[in-house]
Amino acid sequence: MFERLNTPQELFDYQLGAALTMERNVLEMLGDLEERTRSDELRRQFHHHADETRQQIGNIEESFRALGEEPDDSPCPAIQGLEKEAKANIKKADDSVLDAVILAGAAETEHHEIAVYESLIGQAQAMGRQRVVDLLSQNLEQEQHTLDEVRQHARRLAQSMPGTTA
Ligand SMILES: [Fe+2]
Ligand SMILES: [Fe+2]
């Protein structure tokens, strides 16, 4: 791991390593959410996204290989923070609002992942690393698609809740 980041390449490697740490954490979180949700549809979605997340980890490792480098294990405190908040909220939540809490945490996580990939793809484009752009764009598309599904599900759930006038 780098002590200081001195070049765009070092910055990229460091952030790509943080994305790898992020996805490994997300994989654990998805397994946990899959167990906790009360909705079969959500359980299937989380299961599917866990499969995608394994591919995403593979794409990041492949990106390191395309750059001729070893995967870096940079820390990713942001995802740990999201996980901590989600877990705390889940613990507090009554069963009747549990899935709403889970979906809010999932949406925040997908937004974070999208921001991470947009930044990495921009840097890889600037460095002329097309293979890496392609690999990370696959990940970005999966995150965007997942966020769409999470949004739709959250909207439907909110509208079906007692006390909602919509
Ligand atoms: Fe991901
Ligand atoms: Fe994701």
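Every value quoted in this text rests on a predicted model; they were computed, and no experiment measured them. (Residues numbered from 1 in each chain as written. Chains lettered and ligands numbered in written order. Predicted model: local features only at pLDDT ≥ 70, side-chain atom pairs only at ≥ 80, totals over all residues. Heavy atoms only, no water.)

Q: Please explain the coordination of the iron ion (ligand 2) as it appears in this structure.
A: Octahedral metal centres with six donors ideally show angles of 90 or 180 degrees, and tetrahedral centres with four donors ideally show 109.5 degrees. Around the iron ion (ligand 2), the protein supplies His49 (NE2), Glu110 (OE), Glu110 (OE), Glu113 (OE) and Glu143 (OE) as donor atoms, at distances of 2.1 to 2.4 Å. Within one chain, the residues donating to the iron ion (ligand 2) are spaced in sequence as H-x60-E-x2-E-x29-E. A separation of 3.4 Å is found between the iron ion (ligand 2) and the iron ion (ligand 1), which share Glu113 as a coordinating residue. Of this pair, Glu113 sits in helix α4 (residues 95-126) while Glu143 sits in helix α5 (residues 130-160), and the two are 30 residues apart along the sequence. Residues Glu113 and Glu143 agree in their burial class; the two are buried. (Donors = N, O, S within 2.8 Å, 3.2 Å for Na, K, Ca; no water. Helix = DSSP H or I, 4+ residues; strand = E, 2+ residues; numbered from the N terminus. Buried < 20%, exposed > 50% of the residue type's maximum accessible area, 1.4 Å probe, protein only.)

Q: Can you help me understand the side chain of Thr53 in this one?
A: If you trace the backbone, Thr53 turns up in helix α2 (residues 40-66). Owing to a relative accessible area of 0%, Thr53 belongs among the buried residues under this scheme. Those residues in contact with Thr53, other than ones at most four positions away along the chain, are Glu23, Val26, Leu27 and Leu30. (Contact = heavy atoms within 4.5 Å.)

Q: I tried to follow the packing of helix α3 (residues 77-92) against α4 on my own but got confused; where do I start?
A: Between two packed helices, what matters for the description is the angle formed by their axes and the separation of those axes. Running from N to C, α3 and α4 point in directions that differ by 175 degrees, and their axes come no closer than 9 Å. Relative to α4, the element α3 lies roughly antiparallel. Contacts from Ala78, Ile79, Leu82, Glu85, Asn89 and Ile90 in α3 reach Leu98, Val101, Ile102, Glu108, Thr109 and His112 in α4. (Axes fitted to C-alpha atoms, helices over the stretch in contact; angles between N-to-C directions. Parallel < 35°, antiparallel > 145°, perpendicular 65-115°, else oblique.)

Q: Help me out: how do you make sense of the coordination of the iron ion (ligand 1) in this one?
A: With distances of 2.1 to 2.3 Å, the protein atoms coordinating the iron ion (ligand 1) are Glu23 (OE), Glu23 (OE), Gln56 (OE1), Glu113 (OE) and Glu143 (OE). Of the residues examined, Glu23 reaches a relative accessible area of 0% and is grouped as buried. Exposure remark for Glu143: the relative accessible area of 0% places this residue in the buried category.

Q: Any chance you could explain the nonpolar core here in plain terms?
A: In globular proteins that are soluble, nonpolar side chains generally tend to be buried together. Counting residues in hydrophobic clusters, the biggest one holds 38 residues, and the most contacted among them are Phe12, Leu16, Met22, Ile60, Tyr117, Leu120 and Leu136. Secondary structure elements with two or more residues in this core: α1 (8-36), α2, α3, α4 and α5. Sorting elements by how many residues they give to this core places α4 first, with eleven residues. Excluding anything up to four places from it in sequence, Leu136 contacts Phe12, Leu16, Ile60, Ser63, Tyr117, Leu120 and Ile121. (Core = buried A, V, L, I, M, F, W, Y, C linked by side-chain atoms within 4.5 Å.)

Q: Any chance you could explain the side chain of Asp72 here in plain terms?
A: Tracing the chain through its elements places Asp72 in the loop between α2 and α3. Arg24 is the oppositely charged side chain nearest to the buried, salt-bridge-free Asp72, at an N-O distance of 10 Å. Separated by 2.6 Å, the side chains of Asp72 and Ser74 make a polar contact. (Lys, Arg positive; Asp, Glu negative; His and termini not counted. Salt bridge = Lys/Arg side-chain N within 4 Å of Asp/Glu carboxyl O. Polar contact = N/O pair within 3.5 Å; in protein donor to acceptor, adjacent residues only side chain to side chain.)

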